[in-house]
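Below, each chain spelled out in residue letters.
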Amino acid sequence: MMDYSYFQVNEQSLEVEFPEQINVEENKLIQNIARELIEQKAVGVTGVIPAYHTLTVNFDFDLTSFKELVNQIDEIIVNSNELTKTGRSIIELPVFYSPKYGPDLEDVAKFASISVEELIKLHSGTDYFIYMMGFLPGFAYMGSVPEKIAMPRLEVPRKSIAPGSVGIAGAQTGMYPVESPGGWRILGRTPVKLYDPARPQLKYRSGDYIRFVPIDAEEYRRIQQLDAADKYSLKVIKEGDIDNG
(Lines give C-alpha, C1' and ligand atoms only; values in the text may rest on other atoms or scores of the structure.)
Protein backbone atom coordinates (compact mmCIF):
# COMPACT_ATOMS: atom_id res chain seq x y z
CA MET A 1 0.00 0.00 0.00
CA MET A 2 1.35 3.43 -0.95
CA ASP A 3 1.88 6.13 1.63
CA TYR A 4 -0.44 9.10 1.33
CA SER A 5 -1.74 11.99 3.42
CA TYR A 6 -4.79 14.24 3.50
CA PHE A 7 -4.74 18.01 3.78
CA GLN A 8 -7.68 20.37 4.08
CA VAL A 9 -7.02 23.12 1.53
CA ASN A 10 -10.05 25.16 2.61
CA GLU A 11 -13.55 24.50 3.94
CA GLN A 12 -14.66 23.08 0.59
CA SER A 13 -11.51 21.43 -0.72
CA LEU A 14 -9.16 18.65 0.31
CA GLU A 15 -5.94 17.29 -1.17
CA VAL A 16 -4.68 13.72 -1.21
CA GLU A 17 -0.90 13.77 -1.43
CA PHE A 18 1.26 10.81 -2.45
CA PRO A 19 5.09 10.65 -2.54
CA GLU A 20 6.48 13.39 -4.79
CA GLN A 21 7.64 11.49 -7.85
CA ILE A 22 6.83 10.84 -11.50
CA ASN A 23 5.52 7.30 -11.27
CA VAL A 24 2.98 5.58 -13.54
CA GLU A 25 1.55 3.24 -10.89
CA GLU A 26 1.05 6.08 -8.42
CA ASN A 27 -0.54 8.35 -11.01
CA LYS A 28 -2.88 5.61 -12.22
CA LEU A 29 -4.12 5.24 -8.65
CA ILE A 30 -4.73 9.00 -8.42
CA GLN A 31 -6.68 8.97 -11.68
CA ASN A 32 -8.68 5.93 -10.62
CA ILE A 33 -9.70 7.66 -7.39
CA ALA A 34 -10.80 10.71 -9.37
CA ARG A 35 -12.72 8.56 -11.87
CA GLU A 36 -14.43 6.55 -9.13
CA LEU A 37 -15.57 9.68 -7.29
CA ILE A 38 -17.13 11.02 -10.50
CA GLU A 39 -18.62 7.72 -11.70
CA GLN A 40 -20.04 6.94 -8.25
CA LYS A 41 -21.50 10.45 -8.20
CA ALA A 42 -20.07 10.85 -4.71
CA VAL A 43 -22.38 12.99 -2.63
CA GLY A 44 -21.19 16.59 -2.39
CA VAL A 45 -18.20 16.25 -4.73
CA THR A 46 -18.16 19.22 -7.13
CA GLY A 47 -14.87 18.60 -8.93
CA VAL A 48 -11.63 16.63 -8.99
CA ILE A 49 -8.18 17.80 -10.14
CA PRO A 50 -5.64 15.00 -10.58
CA ALA A 51 -1.96 15.97 -10.91
CA TYR A 52 1.39 14.12 -10.90
CA HIS A 53 1.31 13.10 -7.23
CA THR A 54 -1.75 14.85 -5.80
CA LEU A 55 -5.51 14.81 -6.12
CA THR A 56 -7.56 17.85 -5.18
CA VAL A 57 -11.24 17.20 -4.42
CA ASN A 58 -13.68 20.10 -4.24
CA PHE A 59 -16.90 19.53 -2.33
CA ASP A 60 -20.04 21.20 -1.00
CA PHE A 61 -19.73 21.27 2.79
CA ASP A 62 -23.54 21.39 3.11
CA LEU A 63 -23.74 17.92 1.56
CA THR A 64 -20.62 16.17 2.84
CA SER A 65 -17.62 16.70 5.10
CA PHE A 66 -13.85 16.33 5.09
CA LYS A 67 -14.11 13.22 7.26
CA GLU A 68 -16.78 11.57 5.11
CA LEU A 69 -14.75 12.13 1.94
CA VAL A 70 -11.59 10.79 3.57
CA ASN A 71 -13.45 7.59 4.49
CA GLN A 72 -14.78 7.24 0.94
CA ILE A 73 -11.37 7.79 -0.65
CA ASP A 74 -9.76 5.35 1.78
CA GLU A 75 -12.26 2.71 0.65
CA ILE A 76 -11.46 3.35 -3.02
CA ILE A 77 -7.74 3.01 -2.29
CA VAL A 78 -8.27 -0.27 -0.41
CA ASN A 79 -9.98 -1.64 -3.52
CA SER A 80 -7.45 -0.07 -5.87
CA ASN A 81 -5.72 -3.33 -6.84
CA GLU A 82 -8.70 -4.35 -8.93
CA LEU A 83 -9.22 -0.84 -10.32
CA THR A 84 -5.68 -0.58 -11.68
CA LYS A 85 -5.67 -4.00 -13.39
CA THR A 86 -6.98 -2.54 -16.63
CA GLY A 87 -5.63 -2.46 -20.14
CA ARG A 88 -4.25 0.64 -21.74
CA SER A 89 -5.04 2.76 -24.76
CA ILE A 90 -2.09 3.75 -26.97
CA ILE A 91 -2.85 6.62 -29.33
CA GLU A 92 -0.54 6.93 -32.31
CA LEU A 93 0.23 10.56 -33.14
CA PRO A 94 2.05 11.34 -36.42
CA VAL A 95 4.98 13.75 -36.08
CA PHE A 96 7.19 15.36 -38.70
CA TYR A 97 10.60 15.63 -37.01
CA SER A 98 12.42 18.33 -38.95
CA PRO A 99 14.47 21.48 -38.28
CA LYS A 100 11.70 23.39 -40.07
CA TYR A 101 9.15 22.41 -37.42
CA GLY A 102 11.61 21.40 -34.70
CA PRO A 103 13.98 24.30 -34.05
CA ASP A 104 15.63 22.45 -31.15
CA LEU A 105 16.04 19.11 -32.92
CA GLU A 106 19.73 19.55 -33.68
CA ASP A 107 20.55 21.10 -30.29
CA VAL A 108 18.99 18.16 -28.44
CA ALA A 109 20.93 15.73 -30.66
CA LYS A 110 24.15 17.58 -29.78
CA PHE A 111 23.21 17.54 -26.10
CA ALA A 112 22.85 13.75 -26.28
CA SER A 113 25.93 13.32 -28.53
CA ILE A 114 23.90 11.41 -31.10
CA SER A 115 22.67 11.99 -34.63
CA VAL A 116 19.31 13.56 -35.39
CA GLU A 117 18.15 10.20 -36.74
CA GLU A 118 19.07 8.49 -33.46
CA LEU A 119 17.29 11.22 -31.51
CA ILE A 120 14.11 10.70 -33.52
CA LYS A 121 14.34 6.96 -32.99
CA LEU A 122 14.78 7.39 -29.23
CA HIS A 123 11.99 9.94 -28.80
CA SER A 124 9.50 8.00 -30.92
CA GLY A 125 10.51 4.62 -29.47
CA THR A 126 8.76 5.13 -26.13
CA ASP A 127 5.06 5.03 -25.30
CA TYR A 128 4.42 8.07 -23.12
CA PHE A 129 1.95 7.97 -20.26
CA ILE A 130 -0.28 11.05 -19.84
CA TYR A 131 0.05 12.01 -16.18
CA MET A 132 -2.17 15.06 -16.28
CA MET A 133 -3.70 17.75 -18.44
CA GLY A 134 -3.05 21.42 -17.87
CA PHE A 135 -1.38 24.73 -18.77
CA LEU A 136 -3.42 24.92 -22.00
CA PRO A 137 -6.58 23.15 -23.20
CA GLY A 138 -5.37 19.79 -24.44
CA PHE A 139 -1.79 20.12 -23.19
CA ALA A 140 -0.73 16.69 -21.95
CA TYR A 141 2.12 16.26 -19.47
CA MET A 142 3.73 12.94 -20.38
CA GLY A 143 6.72 10.84 -19.44
CA SER A 144 9.22 9.65 -19.26
CA VAL A 145 11.66 10.76 -21.95
CA PRO A 146 14.77 8.54 -22.28
CA GLU A 147 17.39 9.97 -19.92
CA LYS A 148 19.97 10.39 -22.69
CA ILE A 149 17.84 13.01 -24.50
CA ALA A 150 16.18 14.61 -21.45
CA MET A 151 17.49 18.13 -22.11
CA PRO A 152 16.22 20.84 -19.73
CA ARG A 153 13.83 23.46 -21.02
CA LEU A 154 15.03 26.70 -22.58
CA GLU A 155 16.43 29.31 -20.20
CA VAL A 156 14.46 31.99 -22.06
CA PRO A 157 11.03 30.81 -23.29
CA ARG A 158 9.93 31.56 -26.84
CA LYS A 159 7.21 34.16 -27.25
CA SER A 160 5.26 31.94 -29.62
CA ILE A 161 5.15 28.21 -30.34
CA ALA A 162 3.00 26.91 -33.18
CA PRO A 163 0.02 24.61 -32.57
CA GLY A 164 0.92 20.94 -32.87
CA SER A 165 4.54 21.44 -31.81
CA VAL A 166 6.01 18.45 -30.00
CA GLY A 167 8.68 19.09 -27.40
CA ILE A 168 10.54 17.92 -24.33
CA ALA A 169 11.43 19.49 -21.00
CA GLY A 170 13.73 17.22 -19.05
CA ALA A 171 11.97 13.90 -18.52
CA GLN A 172 8.66 15.29 -19.75
CA THR A 173 7.31 15.43 -23.27
CA GLY A 174 4.16 17.02 -24.66
CA MET A 175 2.33 18.72 -27.51
CA TYR A 176 1.26 22.35 -27.77
CA PRO A 177 -2.42 22.19 -28.80
CA VAL A 178 -2.69 25.93 -29.52
CA GLU A 179 -0.27 28.77 -30.19
CA SER A 180 1.40 29.78 -26.96
CA PRO A 181 4.60 31.05 -25.37
CA GLY A 182 6.70 28.20 -24.04
CA GLY A 183 10.12 26.99 -23.00
CA TRP A 184 10.05 23.35 -24.08
CA ARG A 185 12.59 22.06 -26.61
CA ILE A 186 10.68 21.62 -29.86
CA LEU A 187 11.54 18.53 -31.92
CA GLY A 188 8.79 18.48 -34.55
CA ARG A 189 5.12 19.01 -35.24
CA THR A 190 1.99 16.94 -35.73
CA PRO A 191 -0.30 17.79 -38.65
CA VAL A 192 -3.32 16.86 -36.52
CA LYS A 193 -5.33 19.67 -34.93
CA LEU A 194 -5.20 18.83 -31.25
CA TYR A 195 -7.73 21.30 -29.92
CA ASP A 196 -10.72 23.00 -31.51
CA PRO A 197 -12.73 25.38 -29.28
CA ALA A 198 -15.78 24.70 -31.44
CA ARG A 199 -15.40 20.98 -30.63
CA PRO A 200 -13.56 20.87 -27.30
CA GLN A 201 -13.75 17.08 -26.88
CA LEU A 202 -10.11 15.95 -26.79
CA LYS A 203 -8.62 13.01 -28.68
CA TYR A 204 -6.79 11.79 -25.55
CA ARG A 205 -7.03 12.04 -21.77
CA SER A 206 -5.05 11.43 -18.61
CA GLY A 207 -4.21 7.74 -18.32
CA ASP A 208 -3.79 7.20 -22.05
CA TYR A 209 -0.45 6.56 -23.73
CA ILE A 210 0.84 8.52 -26.71
CA ARG A 211 3.09 6.87 -29.31
CA PHE A 212 4.80 9.35 -31.65
CA VAL A 213 5.03 8.03 -35.22
CA PRO A 214 7.65 9.72 -37.45
CA ILE A 215 6.38 10.85 -40.85
CA ASP A 216 7.89 12.73 -43.79
CA ALA A 217 6.90 16.04 -45.41
CA GLU A 218 4.59 14.42 -47.96
CA GLU A 219 2.73 12.44 -45.29
CA TYR A 220 2.52 15.56 -43.14
CA ARG A 221 0.72 17.45 -45.92
CA ARG A 222 -1.55 14.52 -46.70
CA ILE A 223 -2.66 14.06 -43.09
CA GLN A 224 -3.04 17.81 -42.61
CA GLN A 225 -5.43 17.99 -45.58
CA LEU A 226 -7.43 14.98 -44.41
CA ASP A 227 -7.63 16.32 -40.87
CA ALA A 228 -8.80 19.73 -42.09
CA ALA A 229 -11.57 17.98 -44.02
CA ASP A 230 -12.50 15.97 -40.92
CA LYS A 231 -11.49 12.74 -42.68
CA TYR A 232 -8.61 11.65 -40.48
CA SER A 233 -8.74 9.67 -37.24
CA LEU A 234 -5.89 8.82 -34.91
CA LYS A 235 -5.11 5.13 -34.59
CA VAL A 236 -5.91 3.78 -31.13
CA ILE A 237 -4.40 0.49 -29.96
CA LYS A 238 -6.17 -1.25 -27.09
CA GLU A 239 -4.03 -3.55 -24.99
CA GLY A 240 -5.23 -6.09 -22.43
CA ASP A 241 -4.31 -6.31 -18.79
CA ILE A 242 -0.71 -5.19 -18.34
CA ASP A 243 1.80 -4.45 -15.68
CA ASN A 244 1.46 -0.87 -14.39
CA GLY A 245 5.10 -0.02 -15.15
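Keep in mind that what you see is a predicted model, and the values were worked out from it rather than measured. (Residues numbered from 1 in each chain as written. Predicted model: local features only at pLDDT ≥ 70, side-chain atom pairs only at ≥ 80, totals over all residues. Heavy atoms only, no water.)

Caption draft 1: Geometry of the overall build of the protein. Looking only at helices and strands, one finds 6 helices and 14 strands in the protein. In summary, the protein has a C-alpha radius of gyration of 20 Å against a globular reference of 18 Å for 245 residues, a match within 12%. In terms of principal-axis extent, the alpha carbons of the protein reach across some 55 × 40 × 40 Å. Classification of the 245 residues of the protein by burial places 49% in the buried group. In the protein, 65% of the contacts between residues at least 6 apart in sequence involve partners at least 24 apart. (Helix = DSSP H or I, 4+ residues; strand = E, 2+ residues; numbered from the N terminus. Rg over C-alpha atoms; globule rule 2.2 N^0.38 Å. Buried < 20%, exposed > 50% of the residue type's maximum accessible area, 1.4 Å probe, protein only. Contact = heavy atoms within 4.5 Å.)

Caption draft 2: Examining the domain arrangement of the protein more closely. What the domain assignment reports for the protein is domain 1 (5–83) and domain 2 (88–239). Taken over C-alpha atoms, the centre of domain 1 sits 30 Å from the centre of domain 2. Across the contact, 10 residues belong to domain 1 and 12 residues belong to domain 2. It is Ile 22, Gln 31 and Tyr 52 that lose the most area in domain 1 upon contact with domain 2, and together they represent 51% of the buried surface on that side. There are 0 salt bridges connecting domain 1 and domain 2. Linking domain 1 with domain 2 are 5 residue pairs in polar contact (both at pLDDT 80 or more). (Domains from an automatic or database assignment. Buried area = accessible area lost by both parts, 1.4 Å probe. Salt bridge = Lys/Arg side-chain N within 4 Å of Asp/Glu carboxyl O. Polar contact = N/O pair within 3.5 Å; in protein donor to acceptor, adjacent residues only side chain to side chain.)

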